[in-house]
Amino acid sequence: MSSPRKSPYVTGPGEDVVLRGTVAPGFEEVREELRRNFTARNELGASCAVYLRGQKVVDLWGGWKDASTREPWEEDTCALVFSTTKGMAAITAAIAHSRGWLDYDAPVASYWPEFAQAGKERITVRQLLAHQAGLPALDEPMDPVKMADLDSLAKVLARQAPAWEPGTRHGYHSFTIGWYLGELIRRVDPRHRSLGRFFQEEVAAPLGIHFHIGLPRDVPDSRVARLDTLPSLQALFHEHSIPMSMALAFLWPRSITARTLSNPRVRKLSDFDSPAYRPLEQPAAGGIGQARAIARAYSSLATGGQELGLTPATLEALTAPPVLPSRGTLDVVLKAHTAFSLGYTRPCPTLDFGPNPRAFGTSGAGGSLGFADPDAQLGFGYVMNRAGLHLMSDPRARALRDAVYRCLARLSGSASRAA
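A quick note: this is a predicted structure, and the numbers were derived from the prediction, not measured.

Novice: Got a minute to help me understand the environment of Pro253 in this structure?
Specialist: Along the chain, the position of Pro253 falls in the loop between helix H9 (244–250) and helix H10 (256–261). According to the relative accessible area criterion, Pro253 is exposed, its value standing at 64%. Excluding residues within four positions of it along the chain, Pro253 makes contact with Ala258 and Arg259.

Novice: What is the right way to read the nonpolar core from this model?
Specialist: As a rule of thumb, nonpolar side chains are buried together in soluble globular proteins. Met88, Ile91 and Leu301 are the most contacted members of the largest nonpolar core, which totals 80 residues. Not counting residues within four places of it along the chain, the set of residues in contact with Met88 comprises Phe199, Ile209, Phe211, Ala293, Ile294, Ala297 and Tyr298.

Novice: Teacher, can you tell me more about the sheet that holds strand S5 (residues 79–80) here?
Specialist: Two orientations exist for strands paired in a sheet by backbone hydrogen bonds: parallel and antiparallel. Taken in spatial order, the three strands of this open sheet run S5-S7-S6, and their pairing is antiparallel. This sheet does not close on itself; its edge strands, each paired only once, are S5 and strand S6 (211–213). By the bridge criterion, two bridges tie S5 to strand S7 (residues 287–289) in an arrangement that is antiparallel. Paired with Ala79 across the two strands is Gly289, which belongs to S7.

Novice: Looking at this structure, I do not really get helix H6 (residues 176–188). What am I missing?
Specialist: Residues separated by three or four positions in an α-helix point in the same direction, a consequence of the helix having 3.6 residues per turn. Between its first and last C-alpha, H6 extends 18 Å over 13 residues, near the 18 Å set by a 1.5 Å rise per residue. Within H6, twelve of the 13 residues are buried, which leaves it mostly tucked inside the rest of the structure. Every buried residue belonging to H6 is among Thr176, Ile177, Gly178, Trp179, Tyr180, Leu181, Gly182, Glu183, Leu184, Ile185, Arg186 and Val188, and all of these are buried. Where H6 is buried, its residues meet helix H2 (84–98), helix H3 (125–129), helix H4 (144–148), helix H5 (150–159) and helix H7 (195–207).

Novice: When you look at the side chain of Asp331 in this model, what are you seeing that I'm missing?
Specialist: On the secondary structure map, Asp331 appears in the loop between helix H12 (312–319) and strand S8 (340–341). No salt bridge is formed by the buried Asp331; its nearest oppositely charged neighbour, Lys335, is found at 7.5 Å.

Novice: Just checking my understanding: could you explain helix H1 (residues 28–40) for this structure?
Specialist: In this model, H1 (13 residues) spans 18 Å end to end at C-alpha, consistent with the 18 Å of a helix rising 1.5 Å per residue. Those residues of H1 that fall on the buried side of the exposure criterion are Glu29, Val30, Glu33, Leu34, Asn37 and Phe38.

Novice: Honestly, the pairing of strand S12 (residues 378–384) in this entry has me stumped. Any pointers?
Specialist: Here is the key point about a regular strand: its side chains alternate between the two faces of the sheet. Most of S12 is tucked away: seven of the seven residues are buried. Burial along S12 is two-sided: the residues Leu378, Phe380, Tyr382 and Met384 and Gly379, Gly381 and Val383 are all buried. Where strand S2 (residues 45–52) meets S12, seven bridges bridge the pair, whose relative direction is antiparallel. Among the inter-strand pairings, Tyr51 is bridged to a residue of S12, identified as Gly379. Bridge count between strand S11 (residues 369–373) and S12: five bridges; the pairing is antiparallel. Bridged to Ala372 within S12 is Gly379. Where S11 folds back on S12, the antiparallel hairpin that results is connected by four residues, among which Gln377 adopts a positive phi of roughly 55°.

Novice: Just to check I follow, could you spell out the pairing of strand S3 (residues 55–66) for this structure?
Specialist: In terms of burial, S3 is largely enclosed, as ten of its twelve residues are buried. Looking at chain direction, strand S1 (residues 19–23) and S3 are connected through five bridges and run antiparallel. Bridge pairing in S3 links Val23 to Val58. When S2 meets S3, the two strands line up antiparallel, connected through eight bridges. Residue pairing in the sheet places Cys48 in a bridge with Leu60 of S3. Counted along the chain from S2 to the antiparallel partner S3, the turn is two residues long, and its residue Arg53 has a positive phi close to 50°. Connecting S3 to the next strand, strand S4 (residues 71–72), in antiparallel fashion are four residues, including Arg70 with a positive phi near 60°.

Novice: Mind showing me how you'd approach the pattern of salt bridges here?
Specialist: Note on pairing: side chains with opposite charge can pair once their charged atoms come close. Scanning the entire structure with this criterion turns up 33 salt bridges. A salt bridge links Asp228 to Arg386; the shortest N-O distance between them is 3.1 Å. Of this pair, Asp228 sits in the loop between S6 and helix H8 (232–236) while Arg386 sits in the loop between S12 and helix H13 (395–418), and the two are 158 residues apart along the sequence. Classification of Asp228 as partly exposed rests on a relative accessible area of 29%.

Novice: I tried to follow the packing of H5 against H6 on my own but got confused; where do I start?
Specialist: For any two helices packed against each other, the geometry comes down to the angle between their axes and how far apart the axes lie. Two elements in contact, H5 and H6, have axes separated by 10 Å at closest approach and are oriented at 115°. Viewed along their axes, H5 and H6 adopt a mutual orientation that is roughly perpendicular. The handedness of the crossing between H5 and H6 is left-handed. Across from Leu150, Asp151, Leu153, Ala154 and Leu157 in H5, the residues of H6 making contact are Trp179, Tyr180, Glu183 and Arg186. Partitioned by chemical class, the residues of the contact of H5 with H6 number six nonpolar, no polar and three charged.

Novice: Got a minute to help me understand a nonpolar patch on the surface in this structure?
Specialist: On the surface, a cluster of nonpolar side chains totalling about 310 Å² of accessible area is made up of Met244, Leu248 and Leu251. Locating Leu248 in the fold gives a position in helix H9.

The rules we used
- Residues numbered from 1 in each chain as written.
- Predicted model: local features only at pLDDT ≥ 70, side-chain atom pairs only at ≥ 80, totals over all residues.
- Heavy atoms only, no water.
- Helix = DSSP H or I, 4+ residues; strand = E, 2+ residues; numbered from the N terminus.
- Buried < 20%, exposed > 50% of the residue type's maximum accessible area, 1.4 Å probe, protein only.
- Contact = heavy atoms within 4.5 Å.
- Core = buried A, V, L, I, M, F, W, Y, C linked by side-chain atoms within 4.5 Å.
- Pairing = 2+ DSSP bridges.
- Expected span 1.5 Å × (residues − 1).
- Lys, Arg positive; Asp, Glu negative; His and termini not counted.
- Salt bridge = Lys/Arg side-chain N within 4 Å of Asp/Glu carboxyl O.
- Axes fitted to C-alpha atoms, helices over the stretch in contact; angles between N-to-C directions.
- Parallel < 35°, antiparallel > 145°, perpendicular 65-115°, else oblique.
- Left-handed = near helix turned anticlockwise from the far one by under 90°.
- Nonpolar A, V, L, I, M, F, W, Y, C, P; charged D, E, K, R; others polar.
- Patch = residues over 30% accessible without salt bridge, like charges linked within 9 Å, V, L, I, M, F, W, Y side chains within 5 Å.
- Areas by Shrake-Rupley, 256 points an atom, 1.4 Å probe, with all protein chains shown as cover.

Here's what the structure looks like:
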C-alpha cells in the first residue's frame with residue numbers, strides 16, 4: 001500500500017504551513033503566531049477567529065483535520081472543544097435571565113422542586129453556576145445510554161448529595177454543571193426545550209453560527225476533525241501539564257478529583273470524539289463547532305448582547321466580580337486557584353483573558369479557548385484537534401491571545417498619534 005500523498009498543509013517542527021483565511025490590516029501578527037503554533041508548538045490542525053467591535057478581523061485555519069488520512073482542515077471544519085462548551089452553554093442561562101425566567105440568586109429548587117433532595121434546598125443558581133454547589137461528582141456511574149435519557153438523568157442529578165457545604169468551597173464541576181444547567185433550562189423554558197435545542201434556536205440560528213451541543217446526525221463526519229490525544233495516564237504525568245497534587249488525587253479512586261473526572265469512564269480523551277458521544281447533549285464538555293462560531297458568540301456578548309436579547313442587567317451580572325466561596329479560591333477538584341461566575345471562568349492564576357478584569361470565557365481540555373472582553377469589545381475563539389497537556393492555559397491559545405492584544409495596543413497607539 002502506498003503512503004498518502006503529502007498535503008501542503010502537512011507540518012511538523014520547523015516546517016512551513018499553508019494558512020487559509022483573512023486578517024484585517026494591523027492583525028497580521030496573529031497569523032504569524034498561528035504559523036508558529038505549527039512550526040514550533042506541535043499543532044496538527046487549528047482555526048482562530050477574532051471579532052472586534054462586532055466586525056471579524058481574524059478568520060484563519062490550517063493543518064490537518066485528520067492525522068491518519070492527511071485531510072486538510074477546511075473553512076467549514078468543526079471540532080470537539082470540551083469545556084469551551086461551558087461558556088457557550090451559559091449563554092442560555094443569560095438569555096433566560098434576561099427574559100425574567102431565571103433569577104441567579106434564587107434557589108435552584110424554586111424552579112426544580114426535586115432538586116431539593118439530600119440537603120440541596122438552599123443552593124442558588126449562582127452557586128451552581130460558580131461550581132460551588134458541591135456536586136462535581138455523581139455516585140451513579142454514567143454512560144452514553146443514561147446520558148441520552150434526560151428524564152432519567154434529571155432524577156440521578158436530583159438525588160445526589162453535595163460533597164461539601166454549598167458556598168464554602170468550589171471545585172470544577174467538569175461534566176455535571178452542564179447536566180444541571182440543562183435540566184434547569186428545561187424547567188424554566190416555557191417550551192421545555194433541551195439545552196441543545198434551546199441553544200440552536202436561540203443562539204446559533206440568530207447569530208448564523210455552526211456550533212452544536214449534540215451533533216445532528218445529518219452533519220457528515222467529513223466536517224468534524226479527528227481528535228489526536230495521548231493516553232490518559234501519559235498525559236496526566238506529562239511535565240508542566242497539571243498540578244502534581246491533582247495528578248496524585250486522580251490516582252486515588254475515592255478522591256473527589258477522580259470521581260469527578262472519571263465518570264463517565266473512558267480510556268482516553270479521544271473516546272469522547274466517537275459516534276457514541278458526539279450526538280449527546282453534554283453542555284459542559286460535548287460541544288462541536290468552529291472557532292469563528294465561538295468568537296462570533298462572544299462578540300455578541302462583548303458588544304452588549306442585543307442580538308440575543310440580553311438586558312443591561314444581565315451583562316452587568318456577567319462582568320461583575322465573581323462571588324467567591326467563603327473558604328477561598330483553591331479548587332477542590334483541580335487543586336489550583338480558580339474563579340468562576342455564572343457559568344464562566346473569570347481571570348485567575350490558572351487562566352486569564354488578557355489585561356481586562358471584566359473578561360469572561362472558558363477553555364477546553366486539550367487547548368481550545370473562547371472568551372469575551374467587553375472593555376475591548378472583543379470576541380475570541382481558538383479550536384484545534386491535537387490535545388495539549390496544560391490544565392487551562394494552553395501555550396498555543398495564549399500565544400494567539402497575546403498577539404491579539406499586542407495588535408490592539410499598536411492600533412490604539414497609531415490612532416492616538418494620528419489624533
